[in-house]
Amino acid sequence: MAEQRAEELHQEDTASNRNITFSFGNDNVQDVGSVTPDVHSEAESTEPNFSTATTTDAQHENLSETMDPTSTSGTAERHISIQQSLADLKNLIDIEGAGKKTCPLCPEEKFKPNYSHKLRRHLQHLHWKVSIDFEGYRMCICHLACRRMKTNLNGEQVPVRIGAHYHCIVCSATIARRTDMISHITRHLNKGDTEASFTGASSGQLSSTEVMKEVDTDVHVFPNHTTPQKTDSFFNPKMKPNRQLIFCTLAVLAQERKPLECLDAFGATGIMGLQWAKHLGDAVRVTINDINEGSVKMIGENCHLNRMKVVMNRKEEEEDEDEVEENEDTLGIIEVTQMDANVLMHLRAFDFIHLDPFGTAINYFDAAFRNVRNLGIVSVTSTDISTLYCKALNVTMRHYGCNIVRTEYYKEVAARMVIASMARAAARCNKGIEVLLAVALEHFVLVVVRVLRGPSQADESLKKIRRLIHCQWCEERVFYKKCHMLEESAYQQLPCDCHGSMPGKTAVELGPLWSGSLFNTGFLRRMLFEAVQHGIEDIHPLLKNLTCESECTTLKHHSIFGPMSHSSQEKRKGSEVPGNAAKRQKGDIPSEHPPFYYSIHRHSIRGMNIPKINKFLPYLTQAGFRVGRTHFDPTGIRTDATLAQLKAILMKYSMPTHTDSQPGIHSHASAEPILEPVQDSTPKPLEIDQPAEEVKPESG
């Protein structure tokens, strides 16, 4: 009787479907057209009896394969669980047909074939009720076996547990929980990602890519190129200064010897290696590597876009050199490899190696320094900002083995920490380093070093790794002195007297850090010259600031293309340079500059208006100190003066705030000795023992 009653209800529903449109809940189900392939033909071609398991499995496989976002057919753009209305979800099955039907979003174990009136209630209350709305589409919950296999630790394919999940309409990600899916979609909205911009982005077709241009180099990127975890073509436009600095570095090295074996260990889109090969020509032999198969395919397409011939091994490159000369359309040859970066650097030797992984590069230092040639260059870009900038101290200790705290000069501490790790890695290979460049900006830390072969060079580099004493009260700092005897009180090395006037432990040891120079003035000048030659104007201000910072001078008193102010001193040092360094260009001797810097805003006096930073620098110069600005901090001053001397000069040339409205304060009388100009241009010794209270305004 129950079966007869169900059959009668089914016949009534079938008759009513011919004249009326169903409305489920409060949703408007006007048929606006399905965005999925029409499967009515499949339903008509099959038998009306859906009770057999063979037919059900075949139907699920056809539907899931047709709507698979990773398929390369290009006929489907969204998963079957993503629909605009219930009418579209209803069109996936043959409601008007007789017999039992299967759910298009559930396997037979979850929902057995049933009549149409029960199937409609199932679609409404299970799939549509918990769906997530996004730009007119509904992401319904899916119970299909969309992920049947996964790779275990041994590299084998094993079955996975089938559970309910959602398919993201933007990036095709599979997420189990509804709350997690809502958070995932919210992140897409905050980034400005839309379904229209990501349609077909996962299909692997170049028709859905964008063309980005940088320094006359074009590359294909997917619309989600700014999300490294979801794309095979990660491209960050904010890293343009980093790529330009590395290009100028390679251009300088190409003037010393030719041809150069260059490696971009983490290619992504391959834009960096393409810039090298396109602008430096026969002076370099470029190898672009990436372990991701999708990135390797994208690199090959970008090479063809820039008229570069792609070879997969060095033997093919040697055989095709004659063909490149005959073919006028090809500008050069680029070798593209797909392997782990450590394996590649252990197998082959290179003159120039650039490491730019997603995060820290500490795991690739040993392989990079093992096979790099003598006087070669290793450049490292670290993007683990939370680790370097004192936001994850446990990870800092685990990766770099350094104890650090948040200070006013934390960016320079990050650069010196990376250099110290590189020096230790080079010393394990009996090699030393010479720092050519160290830049720490908001989103990356770039370090460029030259490799010097020999145990003596390694020993000299290790001697420059020391610990730093940092006062937690006044933030004065000093490196440990070179001595073989232990001092009874390390606080005595600090120029401040906080350890005598303050109770308890007032200082902390940081490091070990690199204590040597961070810049090579001669190399920076040649980088600026190469930037002018190749028309890279965006990097000129940064290179000029770095050159001034290396010499600890201001830009007004600095000549970029003129002779260096310390040429006589460098010539004297040049006679003591070892034999390996004698092959380098003249003037490529690192100039010593004061370590670290002070922020005048951090050390300003309460109730006093400090002078502008460009006006304050000549005051320090008149007092007989070396002074210059730094790129690490726009308010920072690099000087060899101590903190007490800096505060005394800052107090002398500061002006009290206007307090005429308050009684008992004589602002004009107190400001007269401060605003008195300096008559004598010759620098006089600064008397720091004078009490600072003489220039402070009287309190009410």
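(A) Layout of the overall build of the protein. Looking only at helices and strands, the protein features 25 helices and 25 strands. Each of the 700 residues in the protein was classed as buried or not, and the buried ones make up 50%. Restricting to contacts in the protein with at least 6 residues of sequence separation, those with at least 24 account for 66%. For the protein, the computed accessible surface area is about 35000 Å², with 49% contributed by carbon and sulfur atoms.

(B) Seen up close, unusual backbone geometry. At the junction of K258 and P259, the peptide bond is cis and its omega measures out at -15° in the coordinates. Counting through the fold element by element, P259 comes out in the loop between α8 (240-254) and β10 (260-264). The peptide bond linking G511 to P512 adopts the cis configuration, its omega dihedral lying at 10°.

(C) Structural context of the packing of helix α23 (residues 613-622) against helix α24 (residues 643-652). Between α23 and α24, whose axes approach to 10 Å, the crossing angle comes to 120°. It follows from the interaxial angle that α23 and α24 lie oblique. In this structure, α23 crosses over α24, and the sense of that crossing is right-handed. Across the interface between the two elements, F616, Y619 and L620 of α23 pack against L646, I649 and L650 of α24. Of the residues assigned to the contact of α23 with α24, the class counts are six nonpolar, no polar and no charged.

(D) Representation of the environment of V252 within the structure. Topologically, V252 is positioned in helix α8. Residue class for V252 comes out buried when judged on its relative accessible area of 1%. In sequence terms V252 and M527 are 275 residues apart; their C-alpha atoms lie 6.1 Å from each other. Those residues in contact with V252, other than ones at most four positions away along the chain, are F523, R526, M527 and E530.

(E) The arrangement of helix α21 (residues 540-551) in detail. Taking 1.5 Å of rise per residue, 12 residues should cover 16 Å, and α21 covers 17 Å from first to last C-alpha, within 8% of that figure. What α21 keeps buried is the set H540, L542, L543, L546, T547, C548, E549, S550 and E551. Looking at the packing, one finds that the buried side of α21 touches α8, β16 (431-440), α20 (521-533), β23 (627-629) and β24 (636-639).

(F) Quick peek at the nonpolar core. Core analysis: the largest hydrophobic core is formed by 107 residues, its most contacted members being L355, F365 and F369. No other element matches the 12 residues that helix α17 (residues 410-427) contributes to this core. Among the nonpolar cores identified, the runner-up in size contains 26 residues, and I605, F625, M651 and Y653 belong to it.

(G) Highlighting the sheet that holds strand β1 (residues 82-83). Taken in spatial order, the three strands of this open sheet run β1-β3-β2, and their pairing is antiparallel. Looking at strand neighbours, the two that pair on one side only are β1 and β2 (132-134), the edges of this open sheet. Across three bridges, the pairing between β2 and strand β3 (residues 137-139) is antiparallel. Paired with D133 across the bridge in β3 is R138.

(H) How the structure looks around the side chain of N302. Structurally, N302 can be placed in helix α10 (residues 293-305). In contact with N302, not counting residues within four places along its chain, are D218, V219, H220, T269 and L274.

(I) The packing of aromatic side chains, seen in detail. One pass over the structure, following the stated rule, counts eight aromatic pairs. Ring geometry for Y389 and Y410: centres 5.2 Å apart, planes at 80°, overall edge-to-face. One end of the pair, Y389, is in the loop between α15 (385-388) and α16 (393-400); the other, Y410, is in helix α17, with 21 residues separating them in the sequence. In this structure, Y389 and Y410 share a single accessibility class: buried. When the centroid spacing of 6.0 Å and the interplanar angle of 5° are considered together, the rings of Y597 and F632 count as stacked. Residue Y597 is located in the loop between α22 (567-574) and β21 (598-599), and its partner F632 is located in the loop between β23 and β24; the two are separated by 35 residues in the primary sequence. Each member of the pair, Y597 as well as F632, carries the same accessibility label: buried.

(J) How the structure looks around the side chain of R416. Structurally, R416 can be placed in helix α17. Beyond its immediate sequence surroundings of up to four residues, R416 is in contact with F479, L513, W514, S515, G516, L518, H593, P595 and F596.

(K) Up close: the environment of E592. For E592, the location among the structural elements is in the loop between α22 and β21. Taking the C-alpha atoms as reference points, E592 and T521, 71 residues apart in sequence, are found 9.6 Å from one another.

(L) Here's a closer look at the pattern of salt bridges. Applying the stated criterion across every chain yields a total of 18 salt bridges. Linking K463 and E460 is a salt bridge whose minimum nitrogen-to-oxygen distance equals 3.6 Å. E460 gets classed as partly exposed once you look at its relative accessible area, which sits at 43%. Residues joined by salt bridges that share partners form a network here, namely E261, R285, E335 and R348.

(M) Representation of the sheet that holds strand β12 (residues 308-311) within the structure. Taken together, eight strands build an open sheet; the order of strands is β12-β13-β11-β10-β14-β15-β17-β16 and the sheet is mixed. What marks the edges here is a single partner per strand, and that holds for β12 and β16. For this sheet, the mean inter-axis angle between neighbouring strands, taken without regard to orientation, is 20°. Inspection of the sheet shows strand β11 (residues 284-289) paired to strand β13 (residues 332-337) by four bridges, in the parallel sense.

(N) Just α20, in detail. With 13 residues, α20 extends 19 Å from end C-alpha to end C-alpha; this agrees with the ideal 18 Å at 1.5 Å per step. Burial runs high along α20: 10 of the 13 residues are buried. Turning to α20, its buried residues number three or more, namely T521, G522, F523, L524, R525, R526, M527, L528, E530 and A531. By the N-cap criterion, in which a side-chain oxygen at the helix start approaches the backbone nitrogen of a residue two or three places on, α20 is capped by N520, the distance to G522 being 3.3 Å. Downstream of α20 by one or two residues, G535 has phi in the positive range, about 75°.

(O) The arrangement of the state of the cysteines in detail. Summed over the entire model, instances satisfying the criterion amount to zero disulfides. Among the cysteines around C474, which has no disulfide bond, C471 carries the closest sulfur, lying 3.6 Å off.

(P) Fine view of the packing of α8 against helix α9 (residues 271-280). Contact pair α8 / α9: the axes reach a minimum separation of 10 Å and the direction vectors enclose 40°. With respect to each other, α8 and α9 are oriented oblique. Here the hand of the crossing between α8 and α9 comes out right-handed. Residues N242, R243, I246, F247, L250 and A251 of α8 form the contact with α9, whose participating residues are I271, M272, Q275, W276, H279 and L280.

(Q) Layout of the pairing of β16. Most of β16 sits inside the fold, with 10 of its 10 residues counted as buried. Between the antiparallel neighbours β16 and strand β17 (residues 445-453) lie four residues.

Rules used throughout
- Residues numbered from 1 in each chain as written.
- Predicted model: local features only at pLDDT ≥ 70, side-chain atom pairs only at ≥ 80, totals over all residues.
- Heavy atoms only, no water.
- Helix = DSSP H or I, 4+ residues; strand = E, 2+ residues; numbered from the N terminus.
- Buried < 20%, exposed > 50% of the residue type's maximum accessible area, 1.4 Å probe, protein only.
- Contact = heavy atoms within 4.5 Å.
- Areas by Shrake-Rupley, 256 points an atom, 1.4 Å probe, with all protein chains shown as cover.
- Axes fitted to C-alpha atoms, helices over the stretch in contact; angles between N-to-C directions.
- Parallel < 35°, antiparallel > 145°, perpendicular 65-115°, else oblique.
- Left-handed = near helix turned anticlockwise from the far one by under 90°.
- Nonpolar A, V, L, I, M, F, W, Y, C, P; charged D, E, K, R; others polar.
- Expected span 1.5 Å × (residues − 1).
- Core = buried A, V, L, I, M, F, W, Y, C linked by side-chain atoms within 4.5 Å.
- Pairing = 2+ DSSP bridges.
- Phe/Tyr/Trp six-rings, centres within 6.5 Å; stacked < 30°, edge-to-face > 60°.
- Salt bridge = Lys/Arg side-chain N within 4 Å of Asp/Glu carboxyl O.
- Polar contact = N/O pair within 3.5 Å; in protein donor to acceptor, adjacent residues only side chain to side chain.
- Disulfide = S-S within 2.5 Å.

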